[in-house]
Amino acid sequence: MMHGIKKILESVDADYADIRYEVKKETIVGFSGKELSRVNASSADGYVLRVLYKGGFSSITFTKPEDADRAAATALADAKLLSRNVKKPVRLAKSPVVKEHFRPEMSEHPEKVSLEEKIALTRSYNGIILENPKVVTTSITYNETCRDRYFASTEGAEVREELATLSIAGLGTAKDGALTQSALFLIGGSDGMARMRSREDYFYKNTGLLTDMLLAKPVAGGLYNVILDQDLAGVFTHEAFGHFSEADLIEEMPDLRKKMSIGAQLGSGVLNIVDDPTVPGQLGFYRFDDEGVPAKRVQLMKGGILTGRLHSRRTAAAFGEEVTGHSVAEDYRYAPIVRMGSIFIEPDPATSFDKLLSNLGDGLYLCGSKGGQTSGENFTFDAAWGFEVKNGKVGKMLRDINIMGNLFTTMKNIAGVGNDMLLSEFGGCGKGQVNRRSCNGGPHILINNVVIGGVK
Amino acid sequence: MKTLMDCAARTGAEFEIYFRSSFSRSVIIENSELKGVESSMSSGVSLRLVKGGMSGVSFTKNLTDSVGLVENAMASLRAGVEAKFSFPCFKQHAELKTYSEKAGKTSSEDLLAESFRMRDLLSRMEGMQINSGAQLFISQCRLINSAGADFAWEESSVEKYGSIISPGGSTYSAADRGFELLPMPEAALDKVATLFDAEKAEVRPATGKRKILFMPSAMETLLWRVRSGASGQSLHQSISPLAGKIGEKVFSENLTLRNNPLDDSIPGARYVDDEGVLCSDFALMEMGVFRGFYYDLNYAAKIGVPPTGHGFRRSMWGGDPIVLRPQPYLSHLCFDKGEKTFDALLREMGSGIVVFGTLGDHTGNIPNGDFSVGLSLGICVENGRVVGKAKDTMVSGNIYDILKRVVAVGCEREPAYGNNPPILVDGVDVSN
């Protein structure tokens, strides 16, 4: 295949071109309540061609090999159109020219496990949730995505990387009278099938939560000091800060770009933030991004001071900074964009969870992520459940909790960072394309003055 | 296609073949400068089999191995996914406008010229970030099944937008959608600039229960929860708050809500769904009264009712129609328009918040109808006049509660947001 895609590149008369061919195999097993509702094992493939011509940088995706010539002609014509109209010609930052075939170590490759066994495993976890008499339905899906990517460039890069992402995830919904409550169930990773087994304790624990959530009271809207658990701290780091670390997002936003200057004091002194796709075994792991650039650990913030950002080759050149290997595509349908790999707040070994509670005094302890979103400087995310905290003691359970804030205000309101680091097993960032391997996490953190939505 | 049909027929199963080929082209301008020109050519085939009360699915992007595609679907079928339905054979259907020949001739240069024009019209906002862009979509679809159905349709659309981005990152946008590339009306862009001018001050609105005007660009906050509640899937799963309420008044009598794929005034009209069931002008709520659930083939058969023509290869998160299987979906959901202009709605509101954009529509207890969303763009109104942009504000409620208190419905529908009008609601919780 590498020979075939290099042949396509030869037909492009440009300053630079690269091509990615990818085979994406997906196995999906879905349960809806007791019923097996979906089983599908299919494979799809396609190409992404990018062309740089005199400062104009275009891309095209196509699925039929016989369309290669038309695709190359279209991409070149678009690059020429861009070159005639852009004020700032695109340059690509220097990157090592790599020739490598990488297949990460896995504890039990999912392709060696039968479909029947995957159905049985999913059925068993789904069955645990259904044991709760208050549960009226479930929607639990096993999802296995294997990407086999071939990348070649006119600079001579030839990279092949095979990645597999697994999850068993979904919702359990319980009902009591007119009230329904749902709990998320999320296990998964990118290091093989072994981590998917023997997870009964997790499913029993979250199923028990559903009963408690039916008895919980809705949170009253207002301004609170809060502790976020590791899951929510990860979502906060991703939504509130992480997206502004992506160079392509702030590149053409002059005000934000100025605020996000390297060296700016953006957060409180307790805040150290890292993005690191290179740690083996975690969900966001990869060796090479979709431009063939080796991934790097990036210290984004140290003591509240901005120290780095995430780049593609194009944005690295535009910012005059080094490449980091963070240009990633969802699959063969997309050109890559700048994405987080595995972003987290570094733990403070000196601060226990009890100390954070004591420092909080009165407020809320919020747990479990149900997703979030960012727009401009504002972010929002949803806590799956929470608790009142009075005099440092965790009290009654609360539900229906949504949080909103301004990035720059909230970063300065982070008053404490715990010592109990944990990374997520399940990703799902939707910045234009879905990134299932978007990993985040951190320790418990204490934030002052957070806006919580809810009834008065 | 003939080879695939023959292979599928040899299994003795009922079969359905969905073919789709598409082309898209987009131009992106950020901060007044040309940022990108991107194109995509994609095709694929999706196969469904039904045999012995079970169904199986498979898909491919390149139909080079019909036997392999059928074997994959048979392997899926043997896994035991129940199917109580048969593929239908409808023949008669409405003639709809879904495609413009002019769209097929739209070049990157054409999209670029319009994007530059929109940028230039907005550039009177000196010192502000101006974004604009245009995107062309063209697709051809064919749906064949073993019952004899054979439908083919072409679609074209051109979407375009012009936006002013505030220093804090709030987006003030005009968006438009048509079958072919037509210039964005200058008045729409002027309106954006005027709105931006009026909102330079940031204010913290009073909290508690307030009047909220949901603009078409923020309607998804409400519609997402309606889609969940009125779905035959939710009914089957016993999580719909609308169960047992057909014929009951659940919303204000000011609200009529329908899904009409036959409306070809905007792109995307359909005479059949993605399973070959005829579409109709389907009223979910008439003057606040719930009229019925919507179904695909699968959930209609499970409940024991006729399908309603709402089996689409769509999800709330978009996705590739070739990869997705049909499921109940409301593709053209919109409220009937009322009589009030935007200015009249502001006067009617007196004091409250106009919501143009929200954050977190996808979060919260959606099956229950609950929402609690941050405002990415909301403007505060006092005595019928705009006083500034709402700062760090959230609005919360439950649609089955707040939509009983609809004060008025606007008369200005927006094609870019499914032809929805603005809706003024009383008693929505505001926090900050």
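So, here's what we can say about the structure. (Residues numbered from 1 in each chain as written. Chains lettered and ligands numbered in written order. Predicted model: local features only at pLDDT ≥ 70, side-chain atom pairs only at ≥ 80, totals over all residues. Heavy atoms only, no water.)

## Let's talk about the overall build of chain B
Thought 1: Assigned secondary structure in chain B consists of ten helices and 21 strands.
Thought 2: The C-alpha atoms of chain B give 23 Å as radius of gyration, which agrees with the globular expectation for 432 residues (22 Å, within 12%).
Thought 3: With the C-alpha coordinates aligned to their principal axes, the bounding extent of chain B is approximately 70 × 55 × 35 Å.
Thought 4: Residues classed as buried in chain B amount to 60% of the 432 residues present.
Thought 5: A separation threshold of at least 6 residues defines the contact pool for chain B, and within that pool the share at least 24 residues apart is 69%.
Thought 6: In the form shown here, chain B has an accessible surface area of approximately 15600 Å², with 49% of it arising from carbon and sulfur atoms.
Thought 7: Taking the average place of the 46 positive charges on the side chains of chain B and the average place of its 52 negative ones, the gap between the two points comes to 3 Å. (Helix = DSSP H or I, 4+ residues; strand = E, 2+ residues; numbered from the N terminus. Rg over C-alpha atoms; globule rule 2.2 N^0.38 Å. Buried < 20%, exposed > 50% of the residue type's maximum accessible area, 1.4 Å probe, protein only. Contact = heavy atoms within 4.5 Å. Areas by Shrake-Rupley, 256 points an atom, 1.4 Å probe, with all protein chains shown as cover. Lys, Arg positive; Asp, Glu negative; His and termini not counted. Charge placed at Lys NZ, Arg CZ, Asp CG, Glu CD.)

## Here we look at the environment of Gly363 of chain A
Residue and element names in this part refer to chain A.
Thought 1: Tracing the sequence through the fold places Gly363 in strand S16 (residues 363-375).
Thought 2: Note on Gly363: relative accessible area 12%, which makes it buried.
Thought 3: Between the alpha carbons of Gly363 and Ser182 there is a distance of 24 Å; along the sequence they are 181 residues apart.
Thought 4: The contacts of Gly363, once residues within four sequence positions are left out, are Asn225, Phe387, Glu388 and Val389.

## Considering the environment of Met184 of chain B
Residue and element names in this part refer to chain B.
Thought 1: Along the polypeptide, Met184 turns up in the loop between strand S7 (171-178) and helix H5 (186-198).
Thought 2: C-alpha separation for the pair Met184 and Met118, spaced 66 residues apart in sequence, amounts to 7.2 Å.
Thought 3: Other than its neighbours up to four places away in sequence, Met184 contacts Glu114, Arg117, Met118, Lys160, Tyr161, Gly162, Ala174, Ala175, Asp176 and Leu189.

## A few points about the nonpolar core
Thought 1: Grouped together as the largest cluster of nonpolar side chains are 47 residues, with contacts concentrated most on Val226, Leu228, Phe236, Phe241, Ile273, Leu366 and Ile452 of chain A.
Thought 2: With seven residues, helix H5 (residues 230-245) of chain A is the largest single contributor of residues to this core.
Thought 3: Among the nonpolar cores identified, the runner-up in size contains 43 residues, and Phe214, Leu284, Val373 and Ile402 of chain B belong to it. (Core = buried A, V, L, I, M, F, W, Y, C linked by side-chain atoms within 4.5 Å.)

## Details of the packing of aromatic side chains
Residue and element names in this part refer to chain A.
Thought 1: The tally for this structure, following the rule as stated, stands at 18 aromatic pairs over all chains.
Thought 2: Through successive ring pairs, a cluster of aromatic residues spans Tyr21, Tyr47, Phe62 and Tyr150.
Thought 3: Across from the ring centre of Tyr202, 5.9 Å away, lies the NZ or CZ of Arg199, which sits over that ring.
Thought 4: Between Arg287 and the ring centre of Phe102, over which it is positioned, the NZ or CZ distance is 4.0 Å. (Phe/Tyr/Trp six-rings, centres within 6.5 Å; stacked < 30°, edge-to-face > 60°. Lys NZ or Arg CZ within 6 Å of the ring centre and 35° of its normal.)

## Some points on the interface of chain B and chain A
Thought 1: Chain B puts 70 residues into the contact, and the matching count from chain A is 77 residues.
Thought 2: Contact between chain B and chain A buries roughly 5900 Å² in total, counting both sides, with carbon and sulfur atoms accounting for 51%.
Thought 3: It is Met41, Phe59 and Leu359 of chain B that lose the most area in chain B upon contact with chain A, and together they represent 12% of the buried surface on that side.
Thought 4: Across the contact surface, chain B and chain A share four salt bridges. (Buried area = accessible area lost by both parts, 1.4 Å probe. Salt bridge = Lys/Arg side-chain N within 4 Å of Asp/Glu carboxyl O.)

## Observations regarding the packing of helix H3 (residues 115-130) of chain A against helix H4 (residues 200-215) of chain A
Residues and elements named next belong to chain A.
Thought 1: Where H3 meets H4, the axes come as close as 8 Å, and the angle between the chain directions of the two elements is 30°. Between H3 and H4, the angle falls in the class roughly parallel. The two elements H3 and H4 meet at a crossing, and its hand is right-handed. Residues Tyr125, Ile128 and Ile129 of H3 pack against Glu200, Phe203, Tyr204, Thr207 and Leu210 of H4. (Axes fitted to C-alpha atoms, helices over the stretch in contact; angles between N-to-C directions. Parallel < 35°, antiparallel > 145°, perpendicular 65-115°, else oblique. Left-handed = near helix turned anticlockwise from the far one by under 90°.)

## Brief notes about the sheet that holds strand S11 (residues 282-286) of chain B
Residue and element names in this part refer to chain B.
Thought 1: Read from one edge to the other, the open sheet built from four strands follows the order S12-S11-S10-S15, with strand pairing classed as antiparallel. The sheet terminates laterally at strand S12 (289-290) and strand S15 (333-335), the two strands that pair on one side only.
Thought 2: Bridge count for strand S10 (residues 257-259) against S15 is three bridges, and the pairing is antiparallel. Bridged to Arg258 within S15 is Cys334.
Thought 3: Strand contacts of helix H6 (residues 220-229): S10, S11 and S15, with the helix running at about 120° to S15, the strand carrying the most contacts. (Pairing = 2+ DSSP bridges.)

## Thoughts on empty space enclosed by the protein
Empty pockets left among the atoms are what a rolling probe the size of a water molecule brings to light.
Thought 1: Under the counting rule described, the total for this entry stands at six cavities of 30 Å³ or more.
Thought 2: Gln181, Ser182, Met213, Lys370, Asp382, Ala383, Ala384, Arg399, Asp400 and Ile401 of chain A together with Gly364 and Asn365 of chain B are the residues that line the largest cavity.
Thought 3: Listing elements by their share of the lining of the largest cavity, those giving two or more residues are strand S7 (179-189) and strand S17 (378-390) of chain A.
Thought 4: At three residues, S17 of chain A tops the list of elements feeding residues into the lining of the largest cavity.
Thought 5: Of the residues assigned to the lining of the largest cavity, the class counts are four nonpolar, four polar and four charged. (1 Å grid on protein atoms, 1.4 Å probe; cavity = no way out; pocket = protein on both sides within 12 Å on 5 of 7 lines; lining within 4 Å. Points joined across faces, edges and corners; volume = space filled by probe spheres on them. Nonpolar A, V, L, I, M, F, W, Y, C, P; charged D, E, K, R; others polar.)

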